[in-house]
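Coordinate analysis (summary)
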Amino acid sequence: MTDLVSVTIDGMTVQVPKGTSIIEAAKQAGVLVPHYCYHPSLPSPAVCRMCLVEVEKAPKLMPACVTTVMDGQVVHTDSEQARKARTGVLEFLLINHPLDCPICDQAGECELQDYTFQEGRDSTRYGDYAKRYNPVEDFGPDVLYVANRCILCTRCVRFMDDVARQPVLNVSERGDRAYIGIDEGQLLDHAWAGNVVDLCPVGSLISKDFLHKARAWDLDKSASVCTGCSQGCNVMIDTRDNTVVRLRPRPNLDVNRHFICDHGRMNYRWMNRGDRIEAPLLREGSRHVASDWAPALVRLGELAAKGGKAVVLASGNASLEALGMVKALLKSSTATLAVQLPMAESEEPLGGVPNLALRRERAANGDGARLLGYSTDWQAAVKAASAADLVILLDVTLTDAEAALVGGAMAVVVLGTLLGQELPAAQLILPVTTVAEEHGVFVNRDLRVQRYQQARTAPGLARPAWWIASEAGRLEPSTAAEAFALVANLVPALAGLTYGDLGLTGRVVRAAVPSPQGA
Amino acid sequence: MGYPHPSHAKETPVLSKYFGDAGARTFEGWVKRGGYEGLKKALGMSREQIIEEVKASGLRGRGGAGFPTGMKWSFMAKEVVKPHYLVCNADESEPGTFKDREIIRWTPHQLLEGCAIAAHAIGAERIYVYIRGEFTPEHRILTAAVEDAYKNGALGANVFGSGRRIDAVVHRGAGAYICGEETAMMNSIEGKRGNPRIKPPFPAVAGLWACPTTINNVETLSAVPHILMRGSEWYKGLCLSNPKSTGTKLISVCGHVQKPGNYEITMGTPMKELIYDMCGGMRPGRSLKAVIPGGSSVPIMTAAEIEDCPMDYEGIVAKGSMLGSGGMIVMDDSTDMVYQVMRLARFYAHESCAQCTQCREGTAWTTKILERILAGKGKPEDIELLLDLADNMTGKTICVLSDSCAAPVVSAIKKFRGEFDAYLSRMKRPATVGA
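Residues numbered from 1 in each chain as written. Chains lettered and ligands numbered in written order. Predicted model: local features only at pLDDT ≥ 70, side-chain atom pairs only at ≥ 80, totals over all residues.

1. So, the sheet that holds strand S3 (residues 167-172) of chain B
All names here are of chain B. Spatial ordering of the open sheet is given by S3-S2-S1-S4, a layout of four strands whose pairing is parallel. Whereas interior strands pair on both sides, the edge strands pair on one side only; in this sheet they are S3 and strand S4 (213-217). Sheet twist, expressed as the average angle between the axes of neighbouring strands with direction ignored, equals 20 degrees. The pairing of strand S1 (residues 84-90) with strand S2 (residues 124-131) spans seven bridges and is parallel. Of the residues in S2, the one forming a bridge with His84 is Ala124. Its contacts with the sheet place helix H6 (residues 108-122) against S1, S2, S3 and S4, and it is angled at close to 150 degrees to S1. Each of S1, S2, S3 and S4 touches helix H8 (residues 182-189); the most contacted strand, S1, lies at about 110 degrees to it. (Pairing = 2+ DSSP bridges. Helix = DSSP H or I, 4+ residues; strand = E, 2+ residues; numbered from the N terminus. Axes fitted to C-alpha atoms, helices over the stretch in contact; angles between N-to-C directions. Contact = placed C-beta atoms within 7 Å.)

As structure tokens, then:
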């Protein structure tokens with residue numbers, strides 16, 4: 001048990017562990033101390049001087065980010081002194097900050113805007129001096145440095161030094177001539193470098209990918225989980241008018257802290273693809289005919305009820321609900337279940353955070369599939385498919401050779417998202433939703449069961465795969481939550497779990513799963 | 001002595017006794033003049049005994065802060081678990097200060113002897129002498145002296161056969177004023193950007209390479225051999241005013257006096273005596289206007305304030321300024337105070353390390369406003385603005401560079417308001433501000 005100390009912040013007394021900084025203790029008291037250089041996932045240099053607060057009995061204002069609480073301490077974050085100091089810092093920061101908010105990507109989610117609005121001066125005393133000028137620099141694959149907007153908080157430098165451990169950024173020059181420099185001949189090409197854009201409290205480090213794409217206040221945000229690998233980083237999917245415009249990290253101290261890798265960050269354009277299967281297609285003779293859901297579900301129900309040998313070939317990014325409900329649909333068959341897990345050559349770790357890397361297994365739900373008894377022996381399952389009575393393809397794109405083998409089955413049902421996944425021989429081709437279009441659950445490599453939420457509406461008649469299985473098999477669930485509850489009970493480790501238990505940061509379960517292939 | 005002038009009768013030459021005497025530079029020459037006896041004596045004493053002796057002498061830091069030296073040494077751990085380091089601050093950069101340069105130039109062994117005694121007292125085996133980059137001849141002299149000291153056993157694995165190891169490294173700065181700040185200096189020695197660190201931890205706990213470290217000024221360390229040789233009682237007796245300020249102090253006098261130079265005075269000597277007797281007073285036909293008594297970072301004093309001001313830590317504080325480093329800038333009635341303050345602010349704006357917002361932006365903005373006033377483009381509200389910026393820049397940053405920029409501005413406005421108003425009301429012709 002850690003020692004607790006009692007501290008009073010703006011009249012609210014809270015108990016916090018010894019060694020806690022005032023800024024973190026204030027959060028417990030419901031007070032956000034304005035700050036720029038401080039970030040909970042970086043070392044604190046106390047240079048922006050924005051978080052100066054009044055501590056009773058201290059001779060001067062103290063930086064809340066590096067001052068640790070002491071028992072009985074009384075802190076005022078909103079005293080006249082503290083407020084004047086902050087207004088002073090804001091004024092100093094603004095004298096050289098361009099008024100280009102109307103064309104700045106950060107506008108609307110800019111901490112300089114927010115705090116200035118909150119307690120900045122309403123007019124300038126700087127007069128008509130020209131502001132400091134430095135040209136825009138291209139730092140690397142996705143990052144532009146707009147030096148004129150920089151407030152020298154050095155979060156980016158510290159991220160590269162202490163977290164990415166590829167120290168290529170620096171503070172160049174001195175005094176008010178200072179700017180963020182990049183070492184000669186270097187690029188900001190670390191696999192996790194894109195985080196500097198999120199860390200930047202102003203619009204100084206910006207993403208080329210997001211450049212002038214949308215205004216922050218026009219975005220809808222949905223909590224999701226990255227499908228880039230088996231790490232299961234928590235992300236936010238930002239959409240504008242039903243179009244996914246970017247992915248950003250969503251803090252989860254136990255999985256990805258405040259970071260995501262560039263591979264995951266850029267892994268979203270496919271969510272907006274227009275070449276989608278949009279209606280159920282039923283085979284009539286030698287061709288497929290679009291139909292409503294009802295006849296398609298009836299036909300799938302009939303195929304599943306026949307029993308015999310069934311094979312499921314599923315994507316590693318299919319939700320736990322989809323994998324589990326398809327399994328439940330085939331309860332009268334002898335089913336071979338397999339999941340496709342692309343493997344990369346190597347991991348890309350983020351050195352400063354334990355157990356955080358872009359993993360070799362490039363799919364989000366490998367362990368969810370394993371828990372449900374899905375095999376990772378893809379080739380064997382494809383071979384078995386050639387002699388099966390029913391093959392269900394769940395959002396997979398087969399090679400020509402694999403498609404030829406699968407074509408040998410008595411019946412093939414394609415649950416697909418993209419055009420190109422449909423097979424000529426398929427009895428049924430049914431449109432399903434992607435991770436961005438449904439609620440669901442993934443299980444990451446540490447057996448953390450995590451929810452993701454729908455971020456955009458699905459095209460046409462596409463439906464979640466779990467819903468299709470549920471309707472076709474006349475199973476109970478009619479919501480994702482009910483589907484999860486049913487599927488959880490198929491796996492001893494998950495038995496009894498509900499969406500309510502998972503919360504925003506997921507829940508780790510204990511179970512023995514086969515070790516990832518080749519890892 | 002008032003180098004380059006002959007010693008004045010009212011001076012007390014202890015550290016400066018051999019200024020101008022090139023023979024004192026060599027190891028042999030220094031020994032001939034009684035050198036290294038203090039170190040030999042110290043090697044026969046325990047750490048505690050040396051620290052007690054220095055504490056009893058009342059010696060205080062000569063770099064500017066005036067912290068009691070013996071007490072600083074006593075903060076170092078008794079048990080040497082991690083290596084201890086002594087850093088000698090020879091990065092003399094405070095505008096108006098040029099005493100350490102003379103100590104190194106004429107008596108490098110005096111400094112090295114003091115360093116070795118201090119290293120012994122704090123349990124350090126390694127000394128870093130961080131010398132200002134622009135001190136090219138002094139660097140050459142000091143490096144030669146270190147070699148000389150090694151050759152003669154005053155440094156090395158077995159100092160004077162005592163079995164004690166003391167090594168010295170001369171580290172050359174690259175021209176940043178801020179590296180004279182002790183934690184910035186440690187960063188600089190470590191090869192990092194010379195930015196001041198947040199305290200705590202204090203250097204005695206986690207300094208150079210996170211090991212216990214003591215940092216002392218050149219003049220402080222140079223006084224130590226004399227204290228050991230002649231005793232703390234003698235040193236304590238060198239006091240003409242407040243008993244908390246003891247010994248001698250080198251005052252670098254520059255500006256409008258007849259004989260600028262380095263004067264070694266007994267603590268408590270009246271400031272008037274220094275300016276009018278030792279330095280020969282003002283230039284003919286001129287009268288005293290203002291004095292910056294302790295390097296550019298301290299508040300400006302008026303002629304009236306120096307009337308009965310003793311030169312020691314307490315005496316100058318009582319008059320609203322500080323003894324600081326002892327870099328005294330004397331200004332006569334030909335001085336444009338607004339221009340002088342602008343020059344100081346410009347210096348600080350150039351030297352700000354850029355870490356803290358108030359300093360990075362405030363020093364530069366202050367300079368711009370002062371330049372504008374001088375150019376005849378000031379606005380009446382500029383005075384209030386300068387004072388408010390100074391308030392926002394004081395006591396809010398990691399180190400005191402920002403405060404140092406604000407102090408002369410505030411004191412100049414307070415004491416010479418009329419000169420600002422003359423520019424603001426266009427009574428005075430605009431001055432050329434240069435770049």
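2. Re the sheet that holds strand S16 (residues 308-315) of chain A
Residue and element names in this part refer to chain A. The seven strands are arranged S15-S14-S22-S21-S20-S16-S17 in an open sheet whose pairing can be described as mixed. Edge positions in the sheet fall to strand S15 (287-290) and strand S17 (333-340), since each has one partner strand and no second. For this sheet, the mean inter-axis angle between neighbouring strands, taken without regard to orientation, is 20 degrees. The sheet contact formed by strand S21 (residues 411-416) and strand S22 (residues 428-431) spans four bridges and is parallel. Across the sheet, Gly416 pairs through a bridge with Pro431, a residue of S22. Helix H7 (residues 293-305) rests against strand S14 (281-284), strand S20 (390-394), S21 and S22 of the sheet, and its axis sits at about 125 degrees to S22.

3. Regarding the interface of chain B and chain A
Taken together, the 25 residues of chain B in the interface contact 23 residues of chain A. The element best represented in the side of chain B that touches chain A is helix H15 (residues 357-374) of chain B, accounting for nine residues. In terms of residue class, the side of chain B that touches chain A is made up of nine nonpolar, ten polar and six charged. (Nonpolar A, V, L, I, M, F, W, Y, C, P; charged D, E, K, R; others polar.)

4. Re the packing of helix H14 (residues 337-351) of chain B against H15 of chain B
Residue and element names in this part refer to chain B. Orientation of H14 relative to H15, taken along the N-to-C sense of each, is 155 degrees, at an axis distance of 8 Å. In this view, H14 runs roughly antiparallel relative to H15, as classed from their interaxial angle. Considering how the two elements wind past one another, H14 and H15 form a crossing that is left-handed. Seen from H14, the contacting residues are Val338, Tyr339, Val341, Met342, Ala345, Arg346, Tyr348 and Ala349; seen from H15, they are Thr363, Ala364, Thr366, Thr367, Leu370, Glu371, Ile373 and Leu374. (Parallel < 35°, antiparallel > 145°, perpendicular 65-115°, else oblique. Left-handed = near helix turned anticlockwise from the far one by under 90°.)

5. Overview of the packing of helix H8 (residues 320-329) of chain A against helix H13 (residues 480-488) of chain A
All names here are of chain A. Between H8 and H13, the shortest axis-to-axis distance is 9 Å and the interhelical angle comes to 60 degrees. In terms of crossing hand, the pair formed by H8 and H13 is left-handed. Two secondary-structure elements touch here, H8 through Leu320, Glu321, Gly324, Met325 and Ala328 and H13 through Ala480, Ala483, Phe484, Leu486 and Val487.

6. Some words on helix H3 (residues 47-57) of chain B
Residue and element names in this part refer to chain B. By the burial criterion, the buried members of H3 are Ile50, Ile51, Glu53, Val54 and Ser57. Along H3, the residues classed as buried sweep out an arc of 160 degrees about the axis, all on the same side. Looking at the buried side of H3, the elements it contacts are helix H2 (37-43), helix H4 (69-74), H6, helix H9 (218-230) and helix H10 (232-237). Of the residues trailing H3, Gly58 is marked for its positive phi of about 80 degrees. (Buried ≥ 20, exposed ≤ 12 C-beta atoms within 10 Å, placed from the backbone. Arc of directions from axis to C-beta.)

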